[in-house]
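A structural walkthrough
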Amino acid sequence: MKVAFPGLTSIQSAGLILGVIGLFVPLLLPLDSLSVAGQLSLGIFFMAAIFWMFEPIPIFATSMLVILLQIVLLSAQGPVYTNAELPVDKPVTLEDHNWQIPSSAIRDDETIIVAVAPGETESIEVEIIDRNGKHVIVRSTELTSDHAVITRPEHRLVNYKPNSYTDYLGTLANPIIILFLGGFMLAEASVKYNLDKNLTRYLLHPFGSQPRFIVLGLMLVTAVLSAFMSNTATAAMMITVILPIIAQLEPGDRFKYGLALSIPIAANIGGITTPIGTPPNAIVIAALTEYGISISFTDWIIITAPLVLVMLLFSWWLLLTLFPPSVKRFQLIMEGTFSLSPKAVGLYVIFGITVLLWVTENSHGIPSSMVAFLPVAALVTGGILNKNDIRKLPWEVLWLMAGGISLGIGMDKTGLAVWMISAMDWSSLGYIALILAFSAVAMIMSNFLSNTVTATLLMPLVISLHVSGIMGDQFNLVITGVIIAVACSLAMALPISTPPNAIAMSTGIFRTKDMAKMGIIIGIVGVMLILAYAIFFWPLVIN
Amino acid sequence: MKTSDIYILCIEDEHEVLDAVVRDLEKLEDQFPVETATSAEEASEVIGKLLEENKKIGLVLCDHILPGENGIELLIELHKNEKTHNTRKVLLTGQAGLDDTVKALNQARLHHYIAKPWSKEELLEVAVELLTDYVIEQEENILPYMSSLNANRLSESIRTRRSVSDG
């Protein structure tokens, strides 16, 4: 029997039910080692993960729901924590380090909790001398009369200091989101004035008419554009470039598979190159920033570009090997001229200055998010983008990222992330095995889930693995974060893996198995390459 | 190919001609089911039934001279009906005079005029382009139509309208 909610498939319906159950399950389970806030946060995490996997609602809607639940359940102003006060009592001094305290304060392991500072508590071991109804007489040398004994150790404020709801709402104005907003507005204006197409035409020119070099050109240009624009918009634009080429080929010619596959592959890989290239990069950078590590635009390029270049060249070689060119040369048909209207020229100038300031961040030190507000403000001031253009921006992507960042903040603040880490025995894993595990897990998840969602679910674990110190000095937080971002973007075995894959697949030029073959080889080589860079190259450029 | 809920409707009173139209549109039929009618009254019935089932009518190819109500009147009715307002409308005719054609253009916002006899290529191309327009204008997810309709224009619309975005 198939049961489904109206408008949903039965799988989505199952996801909807599971997600709602997931929200409440942690509160019903005996999770003594996790604070109440941690349990609430775990519920939100379960619900978000399930909703993101089954998609009963759009992934950005799940992100918004996460923020709503966090401000209601976790924030200092929400109904759960507003007016909440720790139940405390002063210990009554008897003689010889003997104290009388309320019996409810004693936990099973003969410890009590005392409040040290707001949100900070300490556990003190006590020796029980005498039980006396509501009170207990204990001996302890650590306890002083300044201490406030917490009378209900299971209270929701124990081990948790709720932060303001503005921290969760504020994720939409997180510097990395503003960086993306700048990128989005530049991309929007580029499309409006055909800068992307004209640049493509101009950049492809030197690659001549030999098929192998045209493919290389297509891939390099796609990668460069998708490093600054959305991978999806770049792929859609490049598809319009290759369709006329494919029309020149014989119907049964396998070379067209390679041509059509080159676009999504290059778009997916190209997105790795800059912080604004693709949303998973933002999730990683935001999580690192939250932890106090800032990665500049320049740093990110230095870290990722060498890997991107090798992956592109490898994919190019692989495409030409699997789908060799059948013709000696063909014609690239692209028409158009750079518009020289004042507004278009204004865009070129703003685009040039912004990108220049971004990539040279290390030499002048102006944070890239600050630079990003230059195009945001200048493009509308100059009338290059108008009200309607701004409405067309992909706001749902910004909300998707904001919800992801917010989820990470909640997991960190409530102690959930550290708790999840401690539930597993990591020390048996060596550092190399850990890197392999993270890149493989990220890649497998991201083949089926949104790249952003994968990064969102994994980054809190990476951060707390570092905080907990389980892995020792060898563990490098930045490298592990970069691995997550890179592995998410290198997952491209299925049409559903990324939007560029879906677009290319929908043209019907190649078969699913062609994409799967390329994607699996790229994935395996990608993991190997990640491992090699993590061991030999990244330690040199990250200190 | 997955069948969509967008229908093509052909209205023509001569059976041989109707068969020829349907045959020429064969390539599209997998994705866009073709319904036929031999009079304006029958067409209205078919449309009513389809709309009741929440189907959409993407394209109407209509002969001018029909028994009873003529094709122009039918197209004007479709234009006035909110649910078929966006349907692409084609007049397929050999005899329509200037007055009727102008009327169809002005009052039914006729999208295309195909004179009989037509060539298969012409008819198919017109259908593909008009359905591409319809899909770009009306559909939220246009990817399923890339391989059967004008992929170039659909990709271009993804680029400019951002109906698909990074996730």
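Quick note: structure is the one above.
This one's a predicted model, so the numbers in the text were calculated from it and none came from an experiment. (Residues numbered from 1 in each chain as written. Chains lettered and ligands numbered in written order. Predicted model: local features only at pLDDT ≥ 70, side-chain atom pairs only at ≥ 80, totals over all residues. Heavy atoms only, no water.)

So, about the overall build of chain B. The helix and strand inventory of chain B stands at 7 helices and 5 strands. Each helix and strand of chain B, ordered N terminal to C terminal, gives the series β-α-α-β-α-β-α-β-α-β-α-α. Taken over C-alpha atoms, the radius of gyration comes to 16 Å for chain B, in line with the 15 Å a tight globule of 167 residues would show. Counting only C-alpha atoms, chain B reaches 55 × 30 × 30 Å along its principal axes. Relative to its 167 residues, chain B shows a buried fraction of 53%. Sequence separation of 24 or more characterises 66% of the internal contacts of chain B that already satisfy a separation of 6 or more. Element-wise, carbon and sulfur atoms account for 46% of the exposed surface of chain B, whose accessible area totals about 7,800 Å². (Helix = DSSP H or I, 4+ residues; strand = E, 2+ residues; numbered from the N terminus. Rg over C-alpha atoms; globule rule 2.2 N^0.38 Å. Buried < 20%, exposed > 50% of the residue type's maximum accessible area, 1.4 Å probe, protein only. Contact = heavy atoms within 4.5 Å. Areas by Shrake-Rupley, 256 points an atom, 1.4 Å probe, with all protein chains shown as cover.)

Summed over all chains, the structure comprises 14 salt bridges over all chains. For K56 of chain B, the salt bridge identified is with E139 of chain B, shortest N-O distance 2.7 Å. Separated by 83 residues along the polypeptide, K56 of chain B in strand β3 (residues 56-63) and E139 of chain B in the loop between α6 (120-138) and α7 (151-161) bring together distant segments of the chain. Classification of E139 of chain B as buried rests on a relative accessible area of 12%. Ionic contacts of the salt-bridge type, sharing partners, join the residues D196 and K197 of chain A together with E156 and R159 of chain B into one network. (Salt bridge = Lys/Arg side-chain N within 4 Å of Asp/Glu carboxyl O.)

This part takes up the layout of surface pockets. If you add up the space inside the largest pocket, you get close to 1,500 Å³. Together, 39 residues line the largest pocket, and E55 and P499 of chain A together with N141, L143 and V164 of chain B are the ones closest to its centre. Residue assignment for the lining of the largest pocket shows that the elements contributing at least two residues are α2 (36-54), α3 (59-73), α16 (395-413) and α21 (499-506) of chain A. It is α21 of chain A that provides the largest number of residues to the lining of the largest pocket, a total of 4 residues. Residue classes in the lining of the largest pocket are distributed as 20 nonpolar, 12 polar and 7 charged. Looking at which domains feed residues into the lining of the largest pocket, each of domain 1 (10-83) and domain 4 (395-541) of chain A gives three or more. (1 Å grid on protein atoms, 1.4 Å probe; cavity = no way out; pocket = protein on both sides within 12 Å on 5 of 7 lines; lining within 4 Å. Points joined across faces, edges and corners; volume = space filled by probe spheres on them. Nonpolar A, V, L, I, M, F, W, Y, C, P; charged D, E, K, R; others polar. Domains from an automatic or database assignment.)

Turning next to the interface of chain B and chain A. Residue-level contacts link 15 residues of chain B with 34 residues of chain A. Surface buried jointly by chain B and chain A totals about 2,000 Å² across both partners, of which 57% is contributed by carbon and sulfur atoms. Its largest share of buried area at the contact with chain A, chain B owes to R159, R162 and D166 of chain B, together 42% of the area lost on that side. The interface formed by chain B and chain A contains 2 salt bridges. Close ionic contact of K197 of chain A with E156 of chain B constitutes a salt bridge, the shortest N to O distance being 3.0 Å. Class assignment for the residues of the side of chain B that touches chain A results in 5 nonpolar, 6 polar and 4 charged. (Buried area = accessible area lost by both parts, 1.4 Å probe.)

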